[in-house]
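# Coordinate analysis (summary)
These are the residues of each chain, in order.
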Amino acid sequence: MTLLQNLLDDIAVQGRLVQETLVSDTGHLFEPRPWKTYDQELPPRRAWEASQKIIADCEELIALLTPTKVKLVTECTANNSTVGLGVAADLKIADKIIENGGEATLAQLARACNTDEHKLGSVMHMLCHRHIFVEVAPDVFRNNRHSYELRSGTGAAEMMLVETEEGYKAGLGWLPTMKSPERMHEIDPAKGAFAQVFGVDVGVLPWLDTPEGANLGRKFSVGVPWLSSITVVATRTDLPWDAYGTTVCDVGCGPGSVILDVKKKHPHLNIVCQDLAPMIPVIRETFKGYEKSMKTGEIDIQVHDYFTPQETVADVYWLRGVVRDYEDEVSARILAQLIPALRKNPKAKVLVNELIVPSLITSPTTADTPASRRLPPAQSGYPTTCHMMSLSTMVLMGGKERTFRDIVKIGESAGLKFSKFHQFRMFTGTVEFELAPESQRPSRL
Ligand SMILES: C[S@@+](CC[C@H](N)C(=O)[O-])C[C@H]1O[C@@H](n2cnc3c(N)ncnc32)[C@H](O)[C@@H]1O
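Residues numbered from 1 in each chain as written. Predicted model: local features only at pLDDT ≥ 70, side-chain atom pairs only at ≥ 80, totals over all residues. Heavy atoms only, no water.

## Overview of the pattern of salt bridges
Counted according to the given criterion, the structure contains 24 salt bridges. Measuring nitrogen to oxygen at the nearest pair gives 3.5 Å for the salt bridge that ties Lys36 to Glu41. On the basis of relative accessibility, which here comes to 48%, the residue Lys36 falls in the partly exposed class. By relative accessible area, Glu41 is classed as partly exposed at 40%. Between Asp238 and Arg45 there is a salt bridge whose closest N-O contact spans 3.6 Å. Taken as a pair, Asp238 in the loop between helix H14 (214-237) and strand S4 (247-251) and Arg45 in helix H3 (residues 45-65) lie far apart in primary sequence, 193 residues in all. (Salt bridge = Lys/Arg side-chain N within 4 Å of Asp/Glu carboxyl O. Buried < 20%, exposed > 50% of the residue type's maximum accessible area, 1.4 Å probe, protein only. Helix = DSSP H or I, 4+ residues; strand = E, 2+ residues; numbered from the N terminus.)

## Remarks on the site of the ligand
Gly252, Asp275, Asp305, Tyr306 and Arg320 are the nearest of the 14 residues found near the ligand. Contact between the ligand and Gly252: a nitrogen atom at 2.7 Å from a main-chain N or O atom of the residue. Contact between the ligand and Arg320: an oxygen atom at 2.6 Å from a side-chain N or O atom of the residue. Alone, the ligand offers 590 Å² of accessible surface; in the complex the protein occludes 75% of this. Class assignment for the residues of the shell around the ligand results in 6 nonpolar, 4 polar and 4 charged. (Near = heavy atom within 4 Å. Polar contact = N/O pair within 3.5 Å; in protein donor to acceptor, adjacent residues only side chain to side chain. Areas by Shrake-Rupley, 256 points an atom, 1.4 Å probe, with all protein chains shown as cover. Nonpolar A, V, L, I, M, F, W, Y, C, P; charged D, E, K, R; others polar.)

## Digging into the sheet that holds strand S1 (residues 104-105)
Read from one edge of the open sheet, 3 strands run S1-S3-S2, paired in antiparallel fashion. This sheet does not close on itself; its edge strands, each paired only once, are S1 and strand S2 (134-137). Here 2 bridges tie S1 to strand S3 (residues 140-142), and the two strands are oriented antiparallel to one another. Of the residues in S3, the one forming a bridge with Ala104 is Phe141. (Pairing = 2+ DSSP bridges.)

## Digging into the sheet that holds strand S9 (residues 416-423)
Ordered in space as S6-S5-S4-S7-S8-S10-S9, the 7 strands form an open sheet in which the pairing is mixed. Two strands close off the open sheet at either side, each with one partner strand: strand S6 (299-303) and S9. Neighbour-to-neighbour, the strand axes of this sheet turn through a mean angle of 20 degrees, independent of strand direction. For strand S8 (residues 349-354) and strand S10 (residues 429-435), the ladder comprises 6 bridges, and the chain directions are antiparallel. When the bridges of S10 are listed, Val352 appears paired with Val431. (Axes fitted to C-alpha atoms, helices over the stretch in contact; angles between N-to-C directions.)

## Re the packing of helix H1 (residues 3-22) against H3
Across the interface, H1 lies against H3 with an axial gap of 9 Å and an inter-helix angle of 150 degrees. Here H1 lies roughly antiparallel to H3, going by the angle between them. Like other packed secondary-structure pairs, H1 and H3 cross with a definite hand, here left-handed. Across the contact of H1 with H3, the residue classes break down as 15 nonpolar, 4 polar and 6 charged. (Parallel < 35°, antiparallel > 145°, perpendicular 65-115°, else oblique. Left-handed = near helix turned anticlockwise from the far one by under 90°.)

## Side note on the packing of aromatic side chains
With the rule as written, the count across this model stands at 13 aromatic pairs. Taken together, the ring pairs connect Phe194, Phe198 and Trp207 into an aromatic cluster. In this arrangement the basic side chain of Lys169 is found over the ring face of Phe198, its NZ or CZ atom lying 4.7 Å from the centre. (Phe/Tyr/Trp six-rings, centres within 6.5 Å; stacked < 30°, edge-to-face > 60°. Lys NZ or Arg CZ within 6 Å of the ring centre and 35° of its normal.)

## Description of the side chain of Lys263
Note on placement: Lys263 falls in helix H15 (residues 257-265). Apart from residues no more than four positions distant in its own chain, Lys263 is found in contact with Leu269, Ile271, Glu298 and Ile299. (Contact = heavy atoms within 4.5 Å.)

## Quick look at the pairing of S4
Counting buried positions over the 5 residues of S4 gives 5, a clear majority of the element. Sheet topology note: the S4/strand S5 (residues 270-275) ladder contains 5 bridges and is parallel. Paired with Asp250 across the bridge in S5 is Cys273. Regarding topology, H15 serves as the crossover connection from S4 to the parallel S5, and that connection is right-handed. As paired elements, S4 and strand S7 (residues 316-320) share 3 bridges and run parallel to each other. Counted as the bridge partner of Asp250 is Trp318 from S7. (Right-handed = clockwise from strand over helix to strand, strands pointing away.)

Structure representation (structure tokens):
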């Protein structure tokens with residue numbers, strides 16, 4: 001069978017599976033409201049897996065049915081999708097449609113935005129083709145499920161603007177960084193694409209505190225919580241939090257909001273939040289209202305440098321977005337610092353939560369096999385989004401996004417043993433480790 005036949009057949013099979021699982025809950029792209037199952041909760045695992053296969057196969061089908069020159073032109077002009085989304089976010093098109101009673105003509109929108117009607121039309125028509133907004137009659141627009149999220153108050157528009165403004169600009173520094181003999185191997189954000197383009201010698205985070213960075217800082221403060229909210233449902237749902245024991249230690253916890261969300265869903269858990277001293281007031285702010293739990297020890301906030309031996313004995317050590325900031329040997333040093341505590345509780349698990357960069361291997365014998373059947377199971381969902389996110393975080397924040405195998409290698413060199421991969425119904429995932437037997441640990445540990 002040809003690739004075309006295989007793709008069409010598989011899409012039909014997986015499509016039936018999604019329909020059978022969701023029954024009458026079939027979603028929409030027209031109404032200005034979320035599809036609860038996919039946008040606010042998580043679809044049943046069976047439906048999610050079938051959806052992933054359909055997405056992978058549809059992407060491959062589109063590549064197959066697109067002439068080469070059209071494919072390349074589409075890819076090299078895809079930045080204009082970013083340009084258009086930036087326009088919609090900045091001009092608050094979603095709000096203007098809502099304020100106009102849920103529907104607006106192009107002329108009304110152009111007037112309300114004080115801009116050129118033809119230019120705005122080019123953006124709106126392009127976005128409608130990408131299923132963000134819907135054109136219900138010639139030059140008459142409404143919000144659909146995706147554009148509705150861009151309304152004020154959600155944080156989505158601010159996150160879009162981080163990427164469509166500073167992220168977009170910083171992207172131009174990626175290739176020069178890759179070609180620079182001095183900086184090509186650097187993961188330090190102060191030497192990365194962002195710093196190159198903005199002409200600074202600091203990473204993006206310290207830059208937020210400068211007068212020039214204040215506007216990005218404002219967008220970050222609203223947009224990043226929105227971004228975190230995407231992964232939080234899978235974080236609290238797609239790990240067997242009830243099976244690990246009673247104490248979770250969040251190492252390098254940041255504001256602590258992620259682990260608080262886990263605690264809310266699994267109230268029996270005691271949580272220990274660890275970060276450096278400057279973060280403690282921020283963590284305390286997150287846990288305002290939980291003073292009683294802090295008194296009983298159910299919630300403990302600790303100053304801890306993760307480059308020093310772990311003293312808190314817990315059942316799970318949760319590290320989210322920590323190892324991505326460092327080179328392999330430094331990441332391994334952080335994980336190895338857990339060993340003294342793991343020795344005291346050898347059943348404890350170490351959970352490394354990151355973007356798990358996907359791969360799509362096509363060998364000569366699988367050239368006609370649909371993409372969905374070639375996707376390895378131990379990697380993030382939404383592979384295309386994961387790749388985009390992975391590049392965008394490295395462009396803006398530096399660091400190193402890794403594959404499943406890369407992360408397992410780091411764990412093993414830290415004296416841990418891989419125990420399980422947890423595929424989240426999301427573009428992040430978790431690699432679970434435990435203490436390796438003494439004989440399998442590197443001799444220095
Ligand atoms: C990328 S953030 C991740 C935060 C959090 N885990 C999350 O997912 O939102 C890394 C965190 O590690 C903290 N950190 C940096 N160096 C540290 C160190 N040596 N010891 C402990 N925490 C550290 C930072 O303050 C920051 O909160």
